[in-house]
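Remarks on the overall topology
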Amino acid sequence: MPSTPVLHSPDDVRRLAASGDAVVIDVRDPADFAAGHIPGAVSMPDIFTYLAETTPEGLKTLQQTFATLFADMGLDGKKTAIVYEDALHTRYGASCRGYWILRYLGYPAVGILDGGLSGWRRAGGTLVTDVTHPTRTEFPLRINPALMATYADVRAALGNPAIRLLDNRDRVEWLGESSSPYGVDFAPRKGRIPGAVWIEWYDFMKVTDGHAAFRTADEIRQLAASRGLTPDDDIIIYCFKGARAANTYVALASAGFTRLRIYMGSWNEWSRNEALPIEPGLPKAAAPYCGAA
Ligand SMILES: O=S(=O)([O-])[S-]
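Residues numbered from 1 in each chain as written. Predicted model: local features only at pLDDT ≥ 70, side-chain atom pairs only at ≥ 80, totals over all residues. Heavy atoms only, no water.

1. Brief notes about a nonpolar patch on the surface
Going by this rule: Patch rule: a residue counts if its relative accessible area is over 30% and it has no salt bridge; like charges are joined within 9 Å, and nonpolar side chains (Val, Leu, Ile, Met, Phe, Trp, Tyr) within 5 Å. In short, Shrake-Rupley with a 1.4 Å probe defines the accessible areas, and a residue's cover is counted only from the protein chains shown. The term salt bridge refers to a pairing of a side-chain nitrogen on Lys or Arg with a carboxyl oxygen on Asp or Glu at a separation within 4 Å. Comment: elements are numbered from the N terminus, with helices defined as DSSP H or I runs of at least four residues and strands as E runs of at least two.
On the surface, Leu51, Tyr182 and Phe186 cluster together to form a nonpolar patch covering roughly 260 Å² of accessible area. In this structure, phenylalanine 186 sits in the loop between helix 8 (171-174) and strand 8 (197-198).

Structure, rendered in structure tokens:
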């Protein structure tokens, strides 16, 4: 986690945008963007919808795809990228996914609008419908591989007590009742990666009057400790495609966890590869991995 703040208040974002030093990125649905967005914001729903593959070719495609999109949006390495969604808990943590992708691509200055668009509105921020046309630039691509776990890394971690797997999907997915948040049978298999522990991603946040904020660092550390996770652990987080995992990544990093990776292919990739083991049925509560299911 960089020392610069990750969460930016609506006032910060307003100031940065007004000085021309920020590119404000809206990750919501294009229809929602068209209905009203932060003045000057650009629309990039791909941050939420992109399904990553973590083969070497898949990673190259991901890197090139986003480097091109961010170049189109004018991210030149000097401007701060600020990502937002409706609220931290309403689009599965898509703003955090944008934050994490930019950091993975090595972008030097990136933040998240704290509280998302609902926080912006509460702070009196206005919305506009006119569209900004950014000037294309060179995106400074410098991959930070330490943030990414591939399916091969996860497979190699099975049964290794030195690497902890954290599943933060919704309860129905953890219980093996649904394969995804996008439909019960969206992916071909239901279950968990063997040996993972579970903390539902919502639990890292507190929602008051529809407004979500991350819990305090102490509360986050306590919640993680309840599943045996400590700030020095080497942790790989997964969800369905990396958005909720990125939300939890931001929470844990803010609480002092330093060895965090996201398995960006997550259940979408893992469940489609029959060669990769799963634990189906009811969870065996982080039972140690003892071979293929
Ligand atoms: O689909 S998701 O798990 O990345 S929110």
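2. Focus: the sheet that holds strand 3 (residues 42-43)
The strands making up a sheet are joined through hydrogen bonds of the backbone, oriented either antiparallel or parallel. Test applied: Pairs of strands are assigned from DSSP output, requiring at least two bridges between the strands. Should any heavy atoms of two residues lie within 4.5 Å, those residues are counted as being in contact. Whenever a helix is involved, its axis is fitted only over the stretch in contact; in every case the axis is a line through C-alpha atoms, and angles between N-to-C directions fall within 0 to 180 degrees.
The strand order across the open sheet formed by five strands is 1-5-4-2-3, and the pairing between neighbours is parallel. Across the chains shown, the open sheet's two edge strands, defined by having one partner strand only, are strand 1 (7-8) and strand 3. Across five bridges, strand 2 (residues 22-26) lies against strand 4 (residues 80-84) in parallel orientation. Bridged to valine 23 within strand 4 is alanine 81. Against the sheet, helix 5 (residues 94-104) touches strand 2, strand 4 and strand 5 (110-113), its axis set at about 180° to strand 5.

3. Looking at the site of the ligand
What counts, and what does not: Any residue with a non-hydrogen atom lying within 4 Å of a molecule or strand is treated as near it. A 3.5 Å cut-off defines polar contacts: any pair of N or O atoms within that distance qualifies, except that in protein one atom must be a possible hydrogen donor and the other a possible acceptor, and neighbouring residues in sequence count only when both atoms are side-chain atoms. Put simply, Ala, Val, Leu, Ile, Met, Phe, Trp, Tyr, Cys and Pro go in the nonpolar bin, Asp, Glu, Lys and Arg in the charged bin, and everything else, Gly too, in the polar bin.
The environment of the ligand is made up of Tyr92, Tyr182, Cys239, Phe240, Lys241, Gly242, Ala243 and Arg244. Residue glycine 242 places a main-chain N or O atom 3.1 Å away from an oxygen atom belonging to the ligand. One of the backbone N or O atoms of alanine 243 is found 2.7 Å from an oxygen atom in the ligand. For the ligand, whose unbound accessible area comes to 210 Å², protein coverage reaches 100%. Among the residues forming the shell around the ligand, the class breakdown is five nonpolar, one polar and two charged.

4. As for the domain arrangement of the chain
Note the following rule: What fixes the domain bounds is an automatic or database domain assignment. The quantity reported as buried area is the accessible area (1.4 Å probe) lost by two parts once they are put together, taken as the sum for both.
Domain annotation of the chain identifies domain 1 (7-143) and domain 2 (146-270). Summarising the inter-unit geometry, the C-alpha centres of domain 1 and domain 2 are found 22 Å apart. Each side of the interface is counted separately: domain 1 has 26 residues, and domain 2 has 32 residues. With both chains or domains summed, domain 1 and domain 2 bury close to 2500 Å², and 70% of this area falls on carbon and sulfur atoms. Linking domain 1 with domain 2 are eight residue pairs in polar contact (both at pLDDT 80 or more).

5. Some words on the packing of helix 5 against helix 10 (residues 243-254)
Our working definition: Put simply, angles under 35 degrees are roughly parallel, angles over 145 are roughly antiparallel, angles from 65 to 115 are roughly perpendicular, and the rest are oblique.
Orientation of helix 5 relative to helix 10, taken along the N-to-C sense of each, is 75°, at an axis distance of 7 Å. The orientation of helix 5 relative to helix 10 falls into the category roughly perpendicular. The residues of helix 10 that touch helix 5, namely those facing Ala94, Cys96, Arg97, Tyr99, Trp100 and Arg103, are Ala243, Ala246, Asn247, Tyr249 and Val250. The residue makeup of the contact of helix 5 with helix 10, split by class, is eight nonpolar, one polar and two charged.

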